[in-house]
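# Structural overview
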Amino acid sequence: MQTVTRGLVALNYLRTLSPFTNDLALLSFRYYLDRLTSVVGAVGVGSDANTQSVSLQRTIPQGEGFGYDATAGRSGGSGGDGTFGRALVQVNAAHAEIGAEYARSIRGDSRGLSNVSVAGSVGAVGGSVFAARPVLDSLALVRIPGLAGVPVFANGWLAGTTDASGEVVATNVNA
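Residues numbered from 1 in each chain as written. Predicted model: local features only at pLDDT ≥ 70, side-chain atom pairs only at ≥ 80, totals over all residues. Heavy atoms only, no water.

### Notes on a nonpolar patch on the surface
Worth spelling out the cut-off: Distance thresholds for patches are 9 Å for like charges and 5 Å for nonpolar side chains (Val, Leu, Ile, Met, Phe, Trp, Tyr), applied to residues having over 30% relative accessible area and no salt bridge. All accessible-area figures derive from a Shrake-Rupley calculation using a 1.4 Å probe, and residue coverage is judged against the displayed protein chains alone. Here, a salt bridge means any Lys or Arg side-chain nitrogen found within 4 Å of an Asp or Glu carboxyl oxygen. Under the DSSP-based scheme used, a helix requires at least four consecutive residues in state H or I and a strand at least two consecutive residues in state E, with every element numbered from the N terminus.
A cluster of nonpolar side chains, namely Val9, Leu11, Leu27, Phe29, Tyr31, Leu33 and Leu56, defines an oily patch on the protein surface of about 660 Å² accessible area. Listed by contribution, the elements that provide at least two residues to the nonpolar patch are strand 1 (7-16) and strand 2 (22-32). Here the element with the most residues in the nonpolar patch is strand 2; it accounts for 3 residues. Secondary-structure assignment places Leu11 in strand 1.

### Focus on the side chain of Ser28
Using the following cut-off: Note on contacts: a residue pair qualifies if any of its non-hydrogen atoms lie within 4.5 Å across the two residues.
Within the element layout of this structure, Ser28 appears in strand 2. With sequence-adjacent residues up to four places away left out, Ser28 is seen in contact with Leu8, Val9, Ala10, Gly41 and Ala42.

### What to know about the pairing of strand 13 (residues 157-161)
As a reminder of what qualifies: Two strands qualify as a pair provided that DSSP identifies no fewer than 2 bridges between them.
Across 4 bridges, strand 12 (residues 151-154) lies against strand 13 in antiparallel orientation. Paired with Ala154 across the bridge in strand 13 is Trp157. Here strand 12 hands over to strand 13 after 2 residues, with Asn155 in that stretch at a positive phi of 55 degrees.

### With respect to unusual backbone geometry
Note the threshold: Each residue's exposure class comes from its accessible area (1.4 Å probe, protein chains only) as a fraction of the maximum for that residue type: buried when under 20%, exposed when over 50%, partly exposed otherwise.
Cis geometry is adopted by the peptide bond preceding Pro19, which originates at Ser18 and carries an omega value of 10 degrees. Mapping Pro19 onto the fold places it in the loop between strand 1 and strand 2. Residue Asn155 is not a glycine yet carries a positive backbone phi of 55 degrees. Looking at the secondary structure, you find Asn155 in the loop between strand 12 and strand 13. For Asn155, a relative accessible area of 43% gives the class partly exposed.

### Here's the deal with the environment of Val169
If you trace the backbone, Val169 turns up in strand 14 (residues 167-173). Along the backbone, Val169 and Phe84 are 85 residues apart, and their C-alpha atoms lie at a distance of 39 Å.

### A closer look at the packing of aromatic side chains
Basically, it comes down to this: What counts as a ring pair is set by centres within 6.5 Å for rings of Phe, Tyr and Trp (its six-membered ring), and what kind of pair is set by the plane angle: stacked under 30 degrees, edge-to-face over 60, tilted for all other angles. Charges are assigned to positions over rings by a cutoff of 6 Å between ring centre and Lys NZ or Arg CZ, combined with an angular limit of 35 degrees from the ring normal.
Counted by the stated rule, this structure contains 1 aromatic pair. When the ring of Phe66 is compared with that of Tyr68, the centres are 6.3 Å apart and the planes differ by 25 degrees; the resulting orientation is stacked. Tyr68 sits in the partly exposed class, given a relative accessible area of 24%. Its end group placed over the ring of Phe66, Arg58 keeps NZ or CZ at 4.3 Å from the ring centre.

### A look at the environment of Arg107
For Arg107, the position within the fold is in the loop between strand 7 (97-106) and strand 8 (113-119). What makes Arg107 partly exposed here is its relative accessible area of 36%. Taking the C-alpha atoms as reference, Arg107 lies 52 Å from Glu167; in sequence the two are 60 residues apart.

### As for the side chain of Glu167
Operational definition: Pairs of N or O atoms within 3.5 Å make up the polar contacts considered here, provided that, within protein, one atom can donate a hydrogen while the other can accept it, and that residues adjacent in sequence are counted only when both atoms are side-chain atoms.
Examined against the element boundaries, Glu167 turns out to sit in strand 14. Judged by its relative accessible area of 18%, Glu167 is buried. At a separation of 2.9 Å, a polar atom in the side chain of Glu167 contacts the side chain of Arg143. Not counting residues within four places of it along the chain, the set of residues in contact with Glu167 comprises Ser128, Leu141, Val142, Arg143, Thr161 and Thr162.

Laid out in structure tokens, this is it:
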């Protein structure tokens, strides 16, 4: 019999002493819709502020696939009341990571923040030259001569499938 944890409650407390004293408490509840997707509700209370937010999140994979985070909330305190939001999506393709983000806080005269990114790498190993997602630590070139379409996993995530020559690059491998 398999047991599945569907929810997680977290209570955090932080006390800052320098350069000024501040207390902050955060209570959050995460409910898993499936293995990768969750809804998060959070309430925070500080010395002179409070915040409430809700998020819909899909974990950004280490290998190929996509993930996102959409968050909306409100805050209040000595600086006034306001609302905020953030949307992020990232697609990890075979040869690049493509992402877009937009965030905005509405309090007084505020502006949004937007970001679009494309990242990748070019490498050479043992006579093979390849384009791949960014290499953060180490990489592995997996060779299965003559076998195309073989799924390869690294750290429990799908790193990719072998190409027509039987090769795939795993870019998120620990050194």
